[in-house]
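# Report on the structure
Listed here are the chains, written in short residue letters.
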Amino acid sequence: MNQVEVYFATNRDFSGQEPKISFGNRFNAEGPQFIRFGKGYVEKRADGTYRYDHHAAAPESPALGTDGEPILGSLTIFEELRLKMKEGKMDTLILIHGFANSFESSLERAAEIKEKYANGQDMNIFVFSWPSNGKVQFNDYHSDRDDARLSGTAMARAFMKLHDFLITAGAEKFCQQRIHLVAHSMGNYALRHALQAIRSEVGNALPRLLDNVFLMAADEDDDAFEYDHKLRLLPDIAKQVLVYFSSEDRALCVSDITKSNPDRLGSNGPRLVSGLPRKVTLVDCRYVDWTELNHGRHQYYRLREEVIHDVRQVLEGVPTEEFDSREFVPDRRAWRIKSSGPKAPRDELRIPREQMHLS
């Protein structure tokens, strides 16, 4: 059995005895800002699917440990990751999942993108599992959106805990490896509120900890890069921000039309490209967005080989102008991924809106 190791942080509610506690679909009983850290395992099956196997939460205790300090799960997980990054020369990829994911399915999704994006190379995967309901229903969309917004503080706490850990570790412990982040769908809305929570703590002098930030099929406003209270300052914490979008994304059309959201960043990219920071790269996926009928052209970031190949080239550091599967579209200031795979069937529009997956 091939198992994929997944590190996690979550602000979900939990029950049971440590370390085998179960995480639910509501907030931590102490509030949405409280987080637990741990590690889980996902089975990669012979048919290419991923199935959650088990997990364990890192011990937390206000009681003093052997060094006279409280036992913190974050320090345990960060130190384990640091050693793997330093000794194994491994990058770490962080995932913020989208709508309708349970704790277990968020680990499965993280394991999947690790295996596909790493392309056979060693890489750590870390998922922030915020308490989406794990169900694809109209009312659950609004509930998940509220939960994504309220989870921003917890994500910011995890980010700042990592920042403080790296600052206090000392230069001799630096691993010289990179940390990347992938946000899918509603996970981009959660990322916006995490960024704002970081700003409220440190001001606009944001610490840069990330190398590449991938905004995939973002269920976020298309004017997000125009305002400080949205994502305008996101490039400050990263070396590069990549926006993957498709004008044919049916799931985001549903978000726009039926859920009273304005035009989506994941549909046509930013509303304005004039003044857009050079660190922001736009990637048009309209020709490579089709996967399955009920996916609503929203799952290309993990299921279309052309998109996966594009991400791999980014992670490998290939210069943008040397990518072998893109063409530049000057009037959009965007790169378009060329198709070599399946196209949508003619009856695509017959799929009921409530059956489209935003997860």
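Scroll up a little and you will see the structure.
The sections below set out a description of the structure shown in this document. In every chain, residue numbers begin from 1 and rise along the written sequence. Local features in this predicted model are restricted to residues of pLDDT 70 or higher, and side-chain atom pairs are both shown and tallied only at a pLDDT of 80 or more, whereas totals for entire chains, interfaces and linings draw on every residue. Side-chain figures throughout are based on the complete set of non-hydrogen atoms in the structure, without hydrogens or water.

## Thoughts on the nonpolar core
Counting residues in each nonpolar core, the largest one holds 58 residues, and the members touching the most others are Leu210, Val213, Leu215, Phe225 and Leu234. Only DSSP runs of H or I with at least four residues qualify as helices, and only runs of E with at least two residues qualify as strands; both kinds are numbered from the N terminus onward. Of the residues forming this core, the biggest block, eight residues, is contributed by helix H4 (residues 152-169). When near neighbours in sequence (up to four residues on either side) are disregarded, Phe225 contacts Leu215, Leu231, Arg232, Pro235, Val241, Val243, Leu265, Pro270, Leu276 and Val280. Among buried residues, the Ala, Val, Leu, Ile, Met, Phe, Trp, Tyr and Cys ones that are joined through side-chain atoms within 4.5 Å form a nonpolar core. Relative accessibility thresholds used throughout: buried, under 20% of the residue-type maximum; exposed, over 50%; partly exposed, between the two (1.4 Å probe, protein chains only). In this structure, Ala118, Ile125, Phe214 and Leu242 belong to the second largest nonpolar core, which totals 38 residues. Note on contacts: a residue pair qualifies if any of its non-hydrogen atoms lie within 4.5 Å across the two residues.

## Overview of the packing of aromatic side chains
Aromatic pairs are defined between Phe, Tyr and Trp rings, using the six-membered ring for Trp, whenever the two ring centres lie within 6.5 Å; interplanar angles under 30 degrees are classed as stacked, those over 60 as edge-to-face, and all others as tilted. The tally for this structure, following the rule as stated, stands at 10 aromatic pairs. Ring centres of Phe214 and Tyr244 lie 6.2 Å apart, and the angle between their planes is 45°; on these two criteria the pair is classed as tilted. One end of the pair, Phe214, is in strand S11 (residues 210-216); the other, Tyr244, is in strand S12 (residues 238-245), with 30 residues separating them in the sequence. For the pair Phe214 and Tyr244, a shared accessibility class is recorded, and that class is buried. Consider the rings of Phe328 and Trp335, whose centres lie 4.9 Å apart with planes at 55°: the pair is tilted. What makes Trp335 buried here is its relative accessible area of 19%. Its end group placed over the ring of Phe34, Arg157 keeps NZ or CZ at 5.8 Å from the ring centre. Both a distance and an angle decide whether a charge sits over a ring: NZ of Lys or CZ of Arg must be within 6 Å of the ring centre and within 35 degrees of the ring normal.

## Notes on the sheet that holds strand S14 (residues 326-329)
Strand pairing is defined by DSSP finding a minimum of two bridges between the two strands. The strand order across the open sheet built from 11 strands is S5-S4-S1-S9-S8-S10-S11-S12-S13-S15-S14, with neighbouring strands paired in mixed fashion. Of all strands in the sheet, those with a lone pairing partner are strand S5 (50-57) and S14, marking the two edges. Strand after strand, the sheet turns through a mean of 25° between neighbouring axes, direction not considered. Two strands pair when backbone bridges link them, and S12 and strand S13 (residues 280-284) are joined in this way by five bridges, in the parallel orientation. Whenever a helix is involved, its axis is fitted only over the stretch in contact; in every case the axis is a line through C-alpha atoms, and angles between N-to-C directions fall within 0 to 180 degrees.

## Some remarks on the pattern of salt bridges
Side chains bearing opposite charge may pair, as long as their charged atoms lie close to each other. Salt bridges are counted wherever a side-chain nitrogen of Lys or Arg sits within 4 Å of a carboxyl oxygen of Asp or Glu. Taken as a whole, this structure holds 28 salt bridges when the rule is applied. Between Asp147 and Arg26 there is a salt bridge, and its shortest N-O distance comes to 3.2 Å. Of the two residues, Asp147 sits in helix H3 (residues 138-150) while Arg26 sits in strand S3 (residues 22-27), which places them 121 residues apart along the sequence. For Asp147, a relative accessible area of 3% puts it in the buried group.

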